Each structure stands twice: as structure tokens, then as C-alpha cells.
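Results of the structural survey
Each chain is listed here by its residues.
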Amino acid sequence: MGFFVWKENPLLLQGANAIRDIACIFLRKTRRIVRKIRFFTRKICASHKLEMRLEAAQEWRINMRNRFYRQLVQLNDELIEMGGMIEKAIADTVKALVNQDTELAKVVIDYDEEIDHQEREIEQLCLKLLLQQQPVARDLRLISSALKMITDMERIGDQASDIAEIIISEKKAEAAD
């Protein structure tokens with residue numbers, strides 16, 4: 001199904017435009033999520049640094065707290081990395097859709113495995129923090145919201161992969177005709 005067939009059939013063109021619009025909406029939402037993650041984690045990390053300066057506790061407690069803050073910073077970095085991975089997957093999916101590029105669509109499908117792996121790593125880190133540090137108040141809210149965010153972010157990556165699979169199946173159907 002080449003470009004001219006799309007041009008001649010307004011329903012196909014309208015469907016392709018709708019899929020492109022949906023992919024663009026996902027891209028915008030992912031970017032908003034990444035911006036929110038960066039904003040909130042910067043605030044949280046800044047307040048933790050202030051707490052660290054004010055706290056004059058025993059040496060072993062300070063070391064444990066420092067380790068906990070380093071793990072929170074690691075959690076933040078991994079969330080940002082996962083957001084970037086999803087943003088790339090969506091951009092590649094849109095590009096594959098517009099150009100009818102099945103090779104790029106296959107890359108997006110393979111990239112979904114990396115996104116799933118990143119989700120599992122972040123989930124393990126969150127559970128480790130919950131079990132070992134037993135956080136309260138702000139730290140607990142940060143960790144629990146990270147657990148919820150990775151689920152949504154992984155779902156967005158799955159949807160990008162699903163769109164890539166549709167591109168490949170449409171191309172195969174076109175080749176069969």
C-alpha cells in the first residue's frame with residue numbers, strides 16, 4: 001500500500017492521521033511525565049540535602065542516611081532514564097508510522113524489552129528501599145509514586161510497541177496483496 005493508495009483513499013489517510021495524532025499525544029504526555037519527575041525529584045533531593053546538614057546524629061546513622069539518599073538519587077536517575085527510553089520509543093514509532101519503515105518498527109519492538117527490564121530494575125530498587133530503610137512521610141510518598149509511575153511508563157512503552165507491530169502487520173498484508 002504505497003503513498004498514492006493512501007492519497008486516493010481518504011479513509012486510509014484519515015486513519016493514518018488519527019494514529020499519528022495518538023502517537024503525538026503519547027509523546028507529549030511522556031515528556032510531561034519526565035518533566036514532572038525531574039521537578040519533584042529536584043525538590044525532594046534539595047530538601048534531603050538540607051536535612052542532612054541540620055542532622056547531627058551518630059556516625060552509623062549518618063552513614064545509613066547517606067546511603068539512603070544516594071539510593072534515592074539513583075532512583076531519580078533511573079526514572080529519568082526510563083522516561084528518555086520511552087520518549088525515544090514513541091519518536092521511533094511515529095517515524096516508522098510516517099515512513100512505513102518496518103525495520104525501525106522491529107527496533108521499537110526489541111527496545112520494549114529494554115524498557116521492561118528497566119521497569120523491573122526500578123521496581124527492585126523501590127522494594128529494596130521500602131524493606132531496608134522503612135521510609136516514612138515524604139520518602140515513602142516518593143517511592144510509592146515511583147512505583148506507580150513506572151507502571152504507567154511501561155504501559156506507554158508497550159503501546160508504542162503495539163503500534164510498531166501494527167505497522168509490520170499492515171506492511172505484510174500489503175505485500176500479500
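You'll find the structure just up there.
Here the residue numbering is sequential within each chain, running from 1 through the sequence in written order. Local features in a predicted model are, by the rule used here, given only for residues with pLDDT of at least 70; side-chain atom pairs are given and counted only at 80 or more, and totals for whole chains, interfaces and linings are based on all residues. With hydrogens and water stripped out, all remaining heavy atoms of the structure feed into the side-chain values.

Centre distance within 6.5 Å is the pairing criterion for rings of Phe, Tyr and Trp, where only the six-membered ring of Trp is used; planes under 30 degrees apart are then read as stacked, over 60 as edge-to-face, and the remainder as tilted. According to the stated counting rule, one finds one aromatic pair in the structure shown. For the ring pair Phe68 and Tyr69, a centre distance of 5.9 Å and an interplane angle of 45° mean the geometry is tilted. Its relative accessible area of 7% is what places Tyr69 among the buried residues. Two thresholds decide whether a charge sits over a ring: the Lys NZ or Arg CZ must be within 6 Å of the ring centre and within 35 degrees of the ring normal. In this structure, Lys88 packs its charged tip against the face of Tyr111, placed 4.9 Å from the ring centre. The buried label applies to any residue whose accessible area, calculated with a 1.4 Å probe on protein chains only, is under 20% of its type's maximum; exposed applies above 50%, and partly exposed to all values in between.

We now examine a positive patch on the surface. A cluster of like positive charges, contributed by Arg28, Lys29, Arg32, Arg35 and Lys36, occupies part of the molecular surface. Counting through the fold element by element, Lys36 comes out in helix α2 (residues 10-54). Exposure remark for Lys36: the relative accessible area of 52% places this residue in the exposed category. Patches in this entry comprise residues that are over 30% relatively accessible and not in a salt bridge; like charges within 9 Å are linked, as are nonpolar side chains (Val, Leu, Ile, Met, Phe, Trp, Tyr) within 5 Å. Only the protein chains shown count as cover for residues, and all accessible areas are computed by the Shrake-Rupley method using a 1.4 Å probe. When a carboxyl oxygen of Asp or Glu is within 4 Å of a side-chain nitrogen of Lys or Arg, the pair counts as a salt bridge. The charged-residue count follows a simple rule in which Lys and Arg add positive charge and Asp and Glu add negative charge, with His and chain termini not counted at all. Charge placement uses NZ in Lys and CZ in Arg. For Asp and Glu, CG and CD serve respectively. In this text, helices come from DSSP runs of H or I with a minimum length of four residues, and strands from runs of E with a minimum of two, each type numbered from the N-terminal end.

Applying the stated rule across the entire model yields three salt bridges. The closest approach of N and O atoms between Lys88 and Asp92, which form a salt bridge, is 2.9 Å. Residue Lys88 and its partner Asp92 are located together in helix α3 (residues 59-99), separated by four residues, close to a single helical turn. In this structure Lys88 comes out as partly exposed when scored by relative accessible area, which is 39%. Since its relative accessible area comes to 10%, Asp92 is described here as buried. Across the pair Arg155 and Asp152 runs a salt bridge whose closest N-O atoms are separated by 3.5 Å.

The next point concerns unusual backbone geometry. One non-glycine residue, Gln100, lies in positive phi territory at about 55°. Checked against the element boundaries, Gln100 lands in the loop between α3 and α4 (102-133). Not every positive phi belongs to a glycine, and Ala137 is a case in point at roughly 50°. Along the chain, the position of Ala137 falls in helix α5 (residues 137-176).

Under the 1.5 Å per step criterion, the end-to-end length of α4 is 46 Å for 32 residues, consistent within 8% with the ideal 46 Å. The definition of a polar contact used here is a pair of N or O atoms within 3.5 Å, where within protein one atom must be able to donate a hydrogen and the other to accept one, and adjacent residues in sequence count solely through side-chain atom pairs. Its side-chain oxygen 3.2 Å from the backbone nitrogen of Glu103, Asp101 forms the N-cap of α4. Once α4 ends, the next one or two residues include Gln134, with phi positive near 45°. By this rule, a helix spans an expected 1.5 Å times one less than how many residues it contains.

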